[in-house]
Amino acid sequence: MIKAIFFDIDGTLASFKTHQIPDSTFYTLNKLKDNGIKLFIATGRGKDGLDILQGFPFDGYITLNGQYCFTNDELIYENTIDSQDIQALLEYLKEKPFPCGFTEEHTKYFNMRNHLVDEIHAITHNDDHPARDCSQVIHKKIYQCMCFVDENEEKELLKVMPHCHASRWYPTFCDISPIGGSKQHGIDEFLKHYHIDLSQTMAFGDGGNDIPMLKHVAISVAMGNASDEVKAIADYITDDVDHDGILNACVHFQLCQKQE
């Protein structure tokens, strides 16, 4: 019996075309809640990017790819980037500048913006944060960095940030996060909090940063718009987000009925 379901946001709950959550998905979420299933967000977004959920009462939120996990009432888990790694990143940016977003608990800001950042904002509607002097981030709690580098540059960057790892769902940037936090770890924190067994879990995703989560849960569902890499490891492939993918998968697994 499924007791907990974890959902990515961009490309899973929310459409890249409309930048909204389809009505069929909200219908499904309400039906799942009515059936007693706990519902969780598992996203790379921070707290300031959750307005897209339109206030739907999820039971928990795994944000920043697992670095900041909370319920509507309390903080469950947090994990910040080591100050030595932040200092190394700042030094690296002096030598090889690129746009980098620094994420705190309630906000994000960039050292600089260019067309690559604007391109991502056009997709997510969640990256319009300003550019500013970032020299003081060494004194802040930074949960994640959004680095606009290619895969080769990513490898070089991680050499100077040994306490971090990278995840990528779009080719122009990667999320740099502290080792220890992940969507997978966030799942375990919430299962412990709500006394749910891993065998009773399901997750939906579409991007490369969802793969550890999808491999971890009992039943993994890839959206129809997911990458081939994600589809290859999923237990089930549903329709895309714009064609009732969440609803159709939940009907398939007999978790709710079709929308009348």
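Computed from a prediction, not measured in an experiment: that's the story for all the values here.

**Quick word on the side chain of glutamine 67**
Here comes step 1: Tracing the backbone through its elements, the reader meets glutamine 67 in the loop between β3 (60-63) and β4 (68-70).
Here comes step 2: The exposure class of glutamine 67 is buried, given its relative accessible area of 0%.
Here comes step 3: Among the polar contacts listed, one links the side chain of glutamine 67 to the backbone oxygen of asparagine 65, at a separation of 3.4 Å.
Here comes step 4: Sequence-distant contacts of glutamine 67, defined by excluding residues within four places in its chain, comprise Tyr77, Glu78, Asn79, Tyr143, Ser177, Pro178, Gly181 and Ser182.

**Regarding the environment of isoleucine 62**
Here comes step 1: Take isoleucine 62: it is sitting in strand β3.
Here comes step 2: In this structure, the C-alpha to C-alpha distance between isoleucine 62 and phenylalanine 6, residues 56 residues apart in sequence, is 8.8 Å.
Here comes step 3: Apart from the residues lying within four places of it in its own chain, the contact partners of isoleucine 62 are Phe6, Ile41, Ala42, Thr43, Tyr68, Cys69, Ser182, Lys183, Gly186, Ile187 and Phe190.

**Side note on the environment of histidine 125**
Here comes step 1: Its place among the elements puts histidine 125 in the loop between α3 (115-124) and β8 (144-147).
Here comes step 2: The exposure class of histidine 125 is partly exposed, given its relative accessible area of 48%.
Here comes step 3: C-alpha of histidine 125 to C-alpha of histidine 19: the two residues are 106 residues apart in sequence and 7.1 Å apart in space.
Here comes step 4: The contacts of histidine 125, once residues within four sequence positions are left out, are His19 and Ile120.
Here comes step 5: A distance of 3.2 Å separates a polar atom in the side chain of histidine 125 from a polar atom in the side chain of histidine 19.

**Quick word on the sheet that holds strand β11 (residues 201-205)**
Here comes step 1: Taken together, the eight strands give an open sheet; going across it, the order is β5-β4-β3-β2-β1-β11-β12-β13, and neighbouring strands pair in mixed fashion. In this open sheet, the two strands that pair with only one neighbour each are β5 (75-78) and β13 (236-237).
Here comes step 2: As defined by bridge partners, β3 adjoins β4 across three bridges and the pair is classed as antiparallel. Looking across to β4, one finds that tyrosine 61 is bridged to phenylalanine 70.
Here comes step 3: Contacts from helix α5 (residues 183-194) reach β1 (4-7), β2 (38-42), β3, β4, β5 and β11, with the element oriented near 160° to β3.

Reading the values: rules and limits
- Residues numbered from 1 in each chain as written.
- Predicted model: local features only at pLDDT ≥ 70, side-chain atom pairs only at ≥ 80, totals over all residues.
- Heavy atoms only, no water.
- Helix = DSSP H or I, 4+ residues; strand = E, 2+ residues; numbered from the N terminus.
- Buried < 20%, exposed > 50% of the residue type's maximum accessible area, 1.4 Å probe, protein only.
- Polar contact = N/O pair within 3.5 Å; in protein donor to acceptor, adjacent residues only side chain to side chain.
- Contact = heavy atoms within 4.5 Å.
- Pairing = 2+ DSSP bridges.
- Axes fitted to C-alpha atoms, helices over the stretch in contact; angles between N-to-C directions.

Coordinates in, geometry out; function isn't part of it.
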